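This is what each chain is made of:
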Amino acid sequence: MTETQRKIGLLACLVTIVLAVLDTQIVSAASFPIVHDLDPDHGVVDISWLASAFSLASAAMLPLYGRLCDALGAKRVFLGALATFLTGSALCGAARSIDWLIASRALQGIGGGGLMSVTMVVIAQLKDPGEKKNKGAGIGGIIGGGGMAVGPWLGGFLADHASWRWAFYINLPLGIAALAAGVVVLKLPRHTTSRAIDFTGAALAAAFSTALLLITQWGGKQYAWTSPQILGLALAFLGALTLFLRRQFTAAEPILPPSLFRVPELRLGFAIQGLMGAAMVGAMYYVLVYLQLARHVNSSAAGLYLIPMAAGIMAVGVATGRLGERGWSERTFVLSGSAVTTAAFLLLATTGTHTSLWQLRGALLLVGLGFGQLLGQLIQLVQQAAPGHQLGVATTAIRFFQTLGMALGVALFGSLIDRLYDGPGDVGSLAALRGAARTAGVTAYVSAMDTVFLCGAGVMTLCLLLALRLPKARPVAAERQPEKTLAA
């Protein structure tokens, strides 16, 4: 590929990352306008599925996408995922019922899972042969993190000033342009690896990840943690996970090869990414709840408070690129990012019912500066350490562990805050309280939330300890040298 083709291909990849990440967040702010339009009488019952259908489908597909990349070539899988995502977006925008929209969101999620993982494989293969570091991977991680922060605000803006349907239609012109660019300019290598695909392993991975996500979605909310539904899902999760692990050691071409975990950078990178995902979702979710509950900020305006976080993620992306050129290693950035994020969570843990909102913005800026280093550099670390013929599975695996970490973070932090809350009623009844009871309830909730942020600081401290175990430097192993490839 020429330099111009590489730049066009990189731009197409970055556009698709933005679209996929925005669609995981954008619907949260537009949910009530959607329900009011499609089913004002009964739609609230199904409102959680608008987000869950997308996340469940994307998470279930992630392991399979990695193996498809290695077997068929990243270009074909990238274009297929993008086409699926755009089809789902068009169907979502045209939905005439809640059931239609939920089914379309699931189809959109199947494609979205590929855009958030396969795109990073494409970016890695777009790297100029003369480049020592894959700058595109860092940029992709940064843009993805920024999109997570901006998504809720954009969804609220479109719902308030246009139509909720534009939350989906906006994907089409940008996505079609990226699809056309990919067809024309992408010329990527494909390793001469086996085309065998372990669909049984992929199905088991989808089963245990779906069960886990449903547990975190329903547990303590729609069903009690000790209810037959949750206990049944827990048994299904353990059974599917056990069968999946057994399959990975017996399949000829496993979906998540155990050999990956023998590489220290991969083993530690996966763990750090999962822990970071748990902490990140906690920071975003509880800050938004605090603003709406304790400070009476509406949902659209609350999303604006995540802008400092997005700005921090974007700013650190520029800085890490320049510092990387001066010799800073991925290990250094992961250490620094973990330390900065730990400090940010400690600052968030001092939040009270009357804390200055500027202090809160400063803490979120610090969160962005920390997460920004981790989002970009962990991907580069994993891609540089992965064997060439397993680049796809290694790249999608890090996204898979982040997704599982985010799900566990929602469940564990939610359960913790329910146990710590000692105000009137329970957490679910806070919005209905009035007068002195509401004041006491909000104070109790904020106190419990501060403990959750302290736990987030503990999670990031564990990330820091794991980062200290990363090898300081190692030459590229012989097994990671480029193999004979085919143009794809």
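Remember, it's a predicted structure, so these values are computed and weren't measured experimentally.

(A) Examining the packing of aromatic side chains more closely. Enumeration according to the criterion identifies twelve aromatic pairs in this entry. Relative to Phe270, the ring of Phe261 has its centre 5.6 Å away and its plane inclined at 65°; by these criteria the two rings are edge-to-face. The partly exposed category is assigned to Phe261, whose relative accessible area is 28%. Judged by centre distance (6.5 Å) and plane angle (80°), the ring pair of Phe345 and Phe371 falls under edge-to-face. Taken together, the positions of Phe345 in helix 14 (residues 330-348) and Phe371 in helix 15 (residues 357-385) put the pair 26 residues apart, joining distant regions of the chain. Phe371 matches Phe345 in its accessibility class, with the two residues each being buried. Three or more aromatic residues joined by ring pairs make a cluster, and in this case those are Phe208, Phe237, Phe244, Phe261, Phe270, Phe400 and Phe401. One residue, Arg361, lies across the ring of Trp358, its end atom 4.3 Å from the ring centre.

(B) Representation of the packing of helix 3 (residues 74-93) against helix 8 (residues 171-185). Two elements in contact, helix 3 and helix 8, have axes separated by 10 Å at closest approach and are oriented at 160°. Relative to helix 8, the element helix 3 is oriented roughly antiparallel. In this structure, helix 3 crosses over helix 8, and the sense of that crossing is left-handed. Contacts from Lys75, Leu79, Leu82, Phe85, Leu86, Ser89 and Ala90 in helix 3 reach Asn171, Leu172, Gly175, Ile176, Ala178, Leu179, Gly182 and Val183 in helix 8. Taken together, the residues of the contact of helix 3 with helix 8 sort by class into ten nonpolar, four polar and one charged.

(C) Fine view of a nonpolar patch on the surface. A surface patch of nonpolar side chains, about 270 Å² in accessible area, is lined by Leu462, Leu465 and Leu468. As for its placement among the helices and strands, Leu468 is situated in helix 17 (residues 435-468). Of the residues examined, Leu468 reaches a relative accessible area of 47% and is grouped as partly exposed.

(D) The side chain of Ser104, seen in detail. Locating Ser104 in the fold gives a position in helix 4 (residues 98-115). Each residue touching Ser104, except ones within four places of it in the same chain, is listed here: Gly88, Leu91 and Cys92.

(E) Representation of the environment of Gly269. Within the fold, Gly269 resides in helix 11 (residues 264-294). With relative accessibility at 0%, the residue Gly269 sits in the buried group. Taking the C-alpha atoms as reference, Gly269 lies 8.5 Å from Leu470; in sequence the two are 201 residues apart. Discounting residues that sit within four places of it in the chain, Gly269 has contacts with Pro264, Leu378, Val382 and Ile398.

(F) Up close: the pattern of salt bridges. Taken as a whole, this structure holds two salt bridges when the rule is applied. Its salt-bridge partner being Glu253, residue Arg67 comes within 3.6 Å of it at the nearest N-O pair. Here Glu253 lies in the loop between helix 10 (228-250) and helix 11 and Arg67 lies in helix 2 (residues 48-72), a separation of 186 residues in the sequence. Arg67 gets classed as buried once you look at its relative accessible area, which sits at 3%.

(G) Up close: the nonpolar core. Counting residues in each nonpolar core, the largest one holds 89 residues, and the members touching the most others are Leu291, Met309, Phe371 and Tyr445. Among the elements that line this core, the one with the most residues is helix 11, at 17 residues. Contacts of Met309, omitting those with residues within four sequence positions, involve Met280, Met284, Leu364, Leu365, Val367, Gly368 and Phe371.

(H) Highlighting the packing of helix 15 against helix 16 (residues 391-420). Running from N to C, helix 15 and helix 16 point in directions that differ by 155°, and their axes come no closer than 9 Å. Of the possible angle classes, the one that applies to helix 15 and helix 16 is roughly antiparallel. Seen along the crossing, helix 15 lies across helix 16 with a hand that is right-handed. Counting all contacts with helix 15, which are made through Leu378, Ile379, Val382 and Gln383, the residues of helix 16 involved are Leu391, Ala394, Thr395 and Ile398. Its residues placed into classes, the contact of helix 15 with helix 16 shows six nonpolar, two polar and no charged.

(I) How the structure looks around helix 13 (residues 307-325). The end-to-end C-alpha separation of helix 13 is 28 Å, in line with the 27 Å expected for 19 residues at 1.5 Å each. Of all the residues in helix 13, the buried ones are Pro308, Met309, Ala310, Gly312, Ile313, Val316, Gly317, Thr320 and Gly324. Just downstream of helix 13, Gly327 is the residue with a positive phi angle, here 110°.

(J) Main features of the side chain of Ser117. With respect to the helices, strands and loops of the structure, Ser117 is situated in the loop between helix 4 and helix 5 (118-125). A polar atom in the side chain of Ser117 sits 2.7 Å from the backbone oxygen of Gly113. Not counting residues up to four positions away in its chain, the partners in contact with Ser117 are Leu62, Tyr65, Thr395, Thr396 and Arg399.

What counts, and where the lines are drawn
Residues numbered from 1 in each chain as written. Predicted model: local features only at pLDDT ≥ 70, side-chain atom pairs only at ≥ 80, totals over all residues. Heavy atoms only, no water. Phe/Tyr/Trp six-rings, centres within 6.5 Å; stacked < 30°, edge-to-face > 60°. Buried < 20%, exposed > 50% of the residue type's maximum accessible area, 1.4 Å probe, protein only. Helix = DSSP H or I, 4+ residues; strand = E, 2+ residues; numbered from the N terminus. Lys NZ or Arg CZ within 6 Å of the ring centre and 35° of its normal. Axes fitted to C-alpha atoms, helices over the stretch in contact; angles between N-to-C directions. Parallel < 35°, antiparallel > 145°, perpendicular 65-115°, else oblique. Left-handed = near helix turned anticlockwise from the far one by under 90°. Contact = heavy atoms within 4.5 Å. Nonpolar A, V, L, I, M, F, W, Y, C, P; charged D, E, K, R; others polar. Patch = residues over 30% accessible without salt bridge, like charges linked within 9 Å, V, L, I, M, F, W, Y side chains within 5 Å. Areas by Shrake-Rupley, 256 points an atom, 1.4 Å probe, with all protein chains shown as cover. Salt bridge = Lys/Arg side-chain N within 4 Å of Asp/Glu carboxyl O. Core = buried A, V, L, I, M, F, W, Y, C linked by side-chain atoms within 4.5 Å. Expected span 1.5 Å × (residues − 1). Polar contact = N/O pair within 3.5 Å; in protein donor to acceptor, adjacent residues only side chain to side chain.

By themselves, these are just geometric observations and shouldn't be taken as functional.
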